[in-house]
Amino acid sequence: MKKIVASLIFMAMLVSLAACGSRTDKDAETTKESAVMESGSVSPVTEKDGAEPEETGSANTEAEENAENATEDAVTDPENREGAAEDNKSAPEETDRSADHMEDHTMKITAGDTSFTATLADNSSVEALKELLTEGPLTINMNDYAGMEKVGPIGTSLPRNDEQISTGAGDIILYQGNSLVIYYDTNSWDFTRIGKIEGVTGEELLEAFGDGDVTVTFSLE
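Residues numbered from 1 in each chain as written. Predicted model: local features only at pLDDT ≥ 70, side-chain atom pairs only at ≥ 80, totals over all residues. Heavy atoms only, no water.

### Focus on the overall build of the protein
Scanning the protein from N- to C-terminus turns up 5 helices and 9 strands. Secondary structure of the protein in N-to-C order comes out as α-α-α-β-β-α-β-β-β-β-β-β-α-β. Every one of the 221 residues in the protein was classed for burial, and the buried ones make up 24%. The contacts of the protein with a sequence gap of at least 6 include a subset with a gap of at least 24, amounting to 64%. Summing over all exposed atoms, the protein offers an accessible surface of approximately 15000 Å²; the carbon and sulfur share of this is 53%. (Helix = DSSP H or I, 4+ residues; strand = E, 2+ residues; numbered from the N terminus. Buried < 20%, exposed > 50% of the residue type's maximum accessible area, 1.4 Å probe, protein only. Contact = heavy atoms within 4.5 Å. Areas by Shrake-Rupley, 256 points an atom, 1.4 Å probe, with all protein chains shown as cover.)

This is the structure:
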């Protein structure tokens, strides 16, 4: 009898242990499945990596569309074409203004068949001379003086802006407010600068004006 009771107790313990083991395995499996599901979810890094190519593709598409729209606007929009045409026209107009500006700052000097162009200085004496020349060319009988210059009276007085000047070939000065002088050699005195014939030598000036008296015409052109 005792053996039967002991056997029953032993079997009951085995059944109990088997039940506990089944629950333990089931719990472990459930925990494992939860861990697998959690690890299978998309991590923030994966989401970011996946979004970057999509965003880049969107930016590239948008840039291409903008470029195509800009090209279509440039081709089809009459205002754009007219604006481009106006820009192209502005260059010749600026060139014309530059030419006019150069003409405003130059003076023509003629002796016989020879003419020179002088670049004018910027002072009130030059402005007064230019105003005088707008009425017509000014012809002056000029005398040779000291083998270095031609000098002749204007017939009126102009404002003076005297300063210490060392002259050279081609320099044109106002002397005492009422005479114009063209230098073909050097001198140093208080004069008013009128302008200069650029790129000319004393010999070339003497060849044009001679070594005696000469009639010279000053004009704006």
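Still to come is the rest of the account.
### Remarks on helix 4 (residues 124-133)
Turn by turn, an α-helix covers 3.6 residues, leaving residues three or four places apart pointing in a common direction. Of all the positions in helix 4, only Ser-125, Val-126, Ala-128, Leu-129, Lys-130 and Leu-133 are classed as buried. The backbone nitrogen of Ser-125 lies 3.1 Å from a side-chain oxygen of the residue at the head of helix 4, namely Asn-123. (Polar contact = N/O pair within 3.5 Å; in protein donor to acceptor, adjacent residues only side chain to side chain.)

### Points about the side chain of Asn-123
In this fold, Asn-123 is placed in the loop between strand 2 (114-120) and helix 4. On the accessibility criterion, Asn-123 (16% relative accessible area) is buried. Engagement of the side chain of Asn-123 in a polar contact is seen with the backbone oxygen of Arg-193, the distance being 2.9 Å. When neighbours within four sequence positions are excluded, Asn-123 is seen to be in contact with Asn-161, Thr-192 and Arg-193.

### Description of helix 5 (residues 202-209)
Taken together, the buried positions of helix 5 are Gly-202, Leu-205, Ala-208 and Phe-209. Down the axis of helix 5, the buried side of the element spans an arc of 125°, and every buried residue falls inside it. Exposed residues on helix 5 whose side chains face more than 90 degrees from its buried face are Glu-203 and Glu-207. Each element contacted by the buried residues of helix 5 is listed here: strand 1 (106-111), strand 2, strand 4 (149-153), strand 7 (179-183), strand 8 (187-197) and strand 9 (214-219). Directly after helix 5, the chain includes Gly-210, whose backbone phi takes a positive value near 80°. (Arc of directions from axis to C-beta.)

### Side note on the pattern of salt bridges
Inspection of the entire model under this criterion finds 5 salt bridges. With a shortest N-O distance of 3.6 Å, Glu-127 and Lys-130 are connected by a salt bridge. Here Lys-130 and Glu-127 lie together in helix 4, a separation of 3 residues that amounts to about one turn. On the accessibility criterion, Lys-130 (16% relative accessible area) is buried. Between Asp-171 and Lys-196 there is a salt bridge; the shortest N-O distance is 3.3 Å. Of the two residues, Asp-171 sits in strand 6 (residues 171-175) while Lys-196 sits in strand 8, which places them 25 residues apart along the sequence. Judged by its relative accessible area of 6%, Asp-171 falls in the buried class. (Salt bridge = Lys/Arg side-chain N within 4 Å of Asp/Glu carboxyl O.)

### Overview of the environment of Gly-212
By the element assignment, Gly-212 lies in the loop between helix 5 and strand 9. The exposure class of Gly-212 is partly exposed, given its relative accessible area of 26%. Separated by 65 residues in sequence, Gly-212 and Gly-147 have C-alpha atoms that sit 9.2 Å apart. The residues touching Gly-212, leaving out its near neighbours within four places in the chain, are Asp-144 and Lys-150.

### Considerations on the nonpolar core
Counting 30 residues, the largest nonpolar core has Met-107, Ile-109, Ile-194, Phe-209, Val-216 and Phe-218 as the members making the most contacts within it. Per element, the largest residue contribution to this core is 4 residues, and it comes from helix 4. What Phe-218 contacts, discounting residues up to four positions off in sequence, is Met-107, Lys-108, Ile-109, Leu-133, Pro-137, Leu-138, Ile-140, Met-142, Leu-180 and Ile-182. Core analysis: the second largest hydrophobic core is formed by 7 residues, Met-148, Val-181, Tyr-183 and Phe-191 among them. (Core = buried A, V, L, I, M, F, W, Y, C linked by side-chain atoms within 4.5 Å.)

### Quick word on the packing of aromatic side chains
All told, the structure shown has 3 aromatic pairs when counted by the stated rule. Ring centres of Tyr-175 and Phe-191 lie 6.3 Å apart, and the angle between their planes is 65°; this geometry places the pair in the edge-to-face category. Separated by 16 residues along the polypeptide, Tyr-175 in strand 6 and Phe-191 in strand 8 bring together distant segments of the chain. Take Tyr-175: its relative accessible area is 32%, and that puts it in the partly exposed class. Given a relative accessible area of 3%, Phe-191 falls into the buried group. Summarising the aromatic geometry, the rings of Tyr-183 and Phe-191 are spaced 6.0 Å apart at their centres and angled 45° between planes, so their arrangement reads as tilted. One aromatic cluster is present, built from ring pairs that chain together Tyr-175, Tyr-183 and Phe-191. (Phe/Tyr/Trp six-rings, centres within 6.5 Å; stacked < 30°, edge-to-face > 60°.)

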